[in-house]
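# Coordinate analysis (summary)
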Amino acid sequence: MKRVFIQTFGCQMNIADSAEMLAHLSRRGVEETKDIESADIVLVNTCTIREHAEHKAVSFLGRLAKWKAKDCSRVIIFAGCAAERLGEALKKDYPFLDIVAGAKGIDNFSKMLDESGLFAVNAQNYTQSVKSGVLDYVTIMRGCNFACSYCIVPSVRGGVKCLSPEVILENCAELAKKNVKEIVLLGQTVNAYKYEDTDFADLLLKAASVKGVERVRFMSPHPAFITPKLIDTIAKNDKIAKHIHLPVQSGSDKILKEMKRGYDSKTVIEKISRLKENGVLVSTDIIVGYPTETEEDFERTLELVDKCAFSFAYCFKFSPRRNTPAYSLKPLASDKEVEKRLDILLNKVRHFSAKAYKDAAGTEQMVLMETVYKGRTSGNLWVKTPKQHPVGSMVRVRIKESDGKILSAE
Ligand code: SAH
Ligand code: SF4
Ligand code: F3S
């Protein structure tokens, strides 16, 4: 039996895509290995969201040159978003690449494997080698219809295509049968989901009612599609996690407009307040140092963070991506100034993150155990328990205290 070593970079979409590609390989008699030296195939699933991400993917390829040199029958598959951006041209610099499978072509991956002539279709030997844990991902839509001025995703993943509710719910049910308790619905603007009469709130409810599913989360929603119906649905259903990761990007209306985000700070702050009033913890993504960001614009972002008190935030330094509108803008601030802003923001974000943990002291929480001693609350906070509990079990606990990073249960 041939073995594949998989290296995944990037977001949850890529993790889900890697699982899908592994399933196609399994059907051809390939099993997964965690040891690259014993592998016959390496599948690298890449990201290109920021320059650094693409650099990581390409330098991994450099390392693979040595791996392949040991045995030229070894196979390298370069997949995902960086593969989409760089394309077949990569084979010029890296002639040892066997298959380049860009993110847009994931639906053609199976055909690509067949056309390569490197894999025999081996359906009888098909073993579902995809292992699942307590949590797993279900893609509900691919691509993005927005055109945020800094973002490369629409160009490497194309426009929105939604999967049918039947296919999605079947995938959820299949995972639940394999003892997956928490389902994360995935899409670049996941809450823009629409398939015939089914909108995202409807789909969430349906996913939450799949037998065996204990908790449903989703990634990444877009502020423009946070509707009263969606807030109500999250608030009223116990199985839908009381946490939302809602990227705001900036607190300055000028910058939001230039980014083409489709909302202003007032609207997004109001939506976040509604969510919080309904017991939902909110985390976010913020970009610092967008080329036209002034000190004043940055102040607006700090104000927004003060008002929203995010339970967590990923803060990114703007990274110019070729062929995006923001690429050619001249930065107003020096690199040093941007670093300073990032530092100030990170300090603030850490303060609120620790506060979210401290605020949970004294509350009662349902914890879904991911190891025998540790699990997460519905609001996505980590909890350690004094006693052991089976992995995958849902335990009701009272929170004693927090060190700002993890909660301790009584
Ligand atoms: N679809 C999601 C975000 C996907 S990309 C959404 O619209 O919310 C994940 C995060 O990467 C974004 O939220 C943004 O904060 C960051 N990001 C995207 N492009 C970037 C760039 N060029 N430079 C820095 N950060 C970027
Ligand atoms: Fe990128 Fe904007 Fe689409 Fe998110 S909504 S993937 S940031 S273009
Ligand atoms: Fe990266 Fe592609 Fe995800 S660029 S962030 S892996 S959609």
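Residues numbered from 1 in each chain as written. Chains lettered and ligands numbered in written order. Predicted model: local features only at pLDDT ≥ 70, side-chain atom pairs only at ≥ 80, totals over all residues. Heavy atoms only, no water.

### What about the domain arrangement of the protein chain?
Domain boundaries in the protein chain define domain 1 (2-116), domain 2 (132-241), domain 3 (248-359) and domain 4 (364-409). With centres defined by C-alpha atoms, the gap from domain 2 to domain 3 works out at 24 Å. If you look at the interface, domain 2 gives 14 residues, while domain 3 gives 21 residues. The junction of domain 2 with domain 3 conceals about 1500 Å² of combined surface from both sides, 66% of it contributed by carbon and sulfur atoms. Summed over the shared surface of domain 2 and domain 3, the number is zero salt bridges. At the junction of domain 2 and domain 3, the tally comes to nine residue pairs in polar contact (both at pLDDT 80 or more). Considered class by class, the residues forming the side of domain 2 that touches domain 3 number 12 nonpolar, two polar and no charged. (Domains from an automatic or database assignment. Contact = heavy atoms within 4.5 Å. Buried area = accessible area lost by both parts, 1.4 Å probe. Salt bridge = Lys/Arg side-chain N within 4 Å of Asp/Glu carboxyl O. Polar contact = N/O pair within 3.5 Å; in protein donor to acceptor, adjacent residues only side chain to side chain. Nonpolar A, V, L, I, M, F, W, Y, C, P; charged D, E, K, R; others polar.)

### Regarding the pattern of salt bridges
When charged atoms on two side chains of opposite charge get close, those side chains can pair. Applying the stated criterion across every chain, the model contains 30 salt bridges. E54 is paired through a salt bridge with R85; the nearest N and O atoms lie 2.7 Å apart. Of the two residues, E54 is situated in helix α2 (residues 51-69) and R85 in helix α3 (residues 81-86); the sequence distance between them amounts to 31 residues. With a closest N to O distance of 3.7 Å, R215 and E182 form a salt bridge. Here E182 lies in strand β9 (residues 182-186) and R215 lies in strand β12 (residues 215-219), a separation of 33 residues in the sequence. One network of salt bridges, in which partners are shared, links E182, R215, R217, E370 and R376. (Helix = DSSP H or I, 4+ residues; strand = E, 2+ residues; numbered from the N terminus.)

### Topic: the packing of helix α8 (residues 200-208) against helix α9 (residues 228-236)
Here α8 crosses α9 at 15 degrees, and the two axes come no closer than 9 Å. Taken together, the axis directions place α8 and α9 in an arrangement best described as roughly parallel. α8 and α9 meet at a crossing whose hand is left-handed. For the pair α8 and α9, the contacting residues are F200, A201, D202, L204 and L205 in the first and K229, L230, T233 and I234 in the second. (Axes fitted to C-alpha atoms, helices over the stretch in contact; angles between N-to-C directions. Parallel < 35°, antiparallel > 145°, perpendicular 65-115°, else oblique. Left-handed = near helix turned anticlockwise from the far one by under 90°.)

### Quick notes on the state of the cysteines
By the definition in use, this model includes zero disulfides. For the unlinked cysteine C162, the closest cysteine sulfur is that of C144, found at 11 Å. (Disulfide = S-S within 2.5 Å.)

### Some words on the UniProt feature "domain: MTTase N-terminal" (unreviewed entry) in the protein chain
In this structure's numbering, the residues bearing the UniProt feature "domain: MTTase N-terminal" (unreviewed entry) are residues 2-118. The span residues 2-118 shows a helical share of 44% and a strand share of 22%, and its end C-alpha atoms are spaced 11 Å apart. (UniProt positions renumbered as here; feature names shortened; annotations may be inferred.)

### Brief notes about the site of ligand 1
With respect to spatial proximity, 15 residues lie near ligand 1, and among them Q188, P247, Q249, D285 and S319 are the closest. Between ligand 1 and the protein, one listed contact pairs an oxygen atom with a side-chain N or O atom of R50 at 3.0 Å. Measuring from an oxygen atom of ligand 1, one finds a side-chain N or O atom of D285 at 2.7 Å. Contact with the protein chains covers 91% of the free accessible surface of ligand 1, which is 540 Å². Taken together, the residues of the shell around ligand 1 sort by class into six nonpolar, four polar and five charged. Mapped onto the domain boundaries, the shell around ligand 1 takes at least three residues apiece from domain 2 (132-241) and domain 3 (248-359). (Near = heavy atom within 4 Å. Areas by Shrake-Rupley, 256 points an atom, 1.4 Å probe, with all protein chains shown as cover.)

### Observations concerning the side chain of Q365
Mapping Q365 onto the fold places it in strand β16 (residues 364-369). In contact with Q365, not counting residues within four places along its chain, are T377, V395, R396, V397 and I399.

### A closer look at the side chain of T324
Along the chain, T324 falls in the loop between β15 (312-317) and α13 (335-359). Judged by relative accessible area, which is 9%, T324 ranks as buried. Not counting residues up to four positions away in its chain, the partners in contact with T324 are S149, Y150, C151 and I152. (Buried < 20%, exposed > 50% of the residue type's maximum accessible area, 1.4 Å probe, protein only.)

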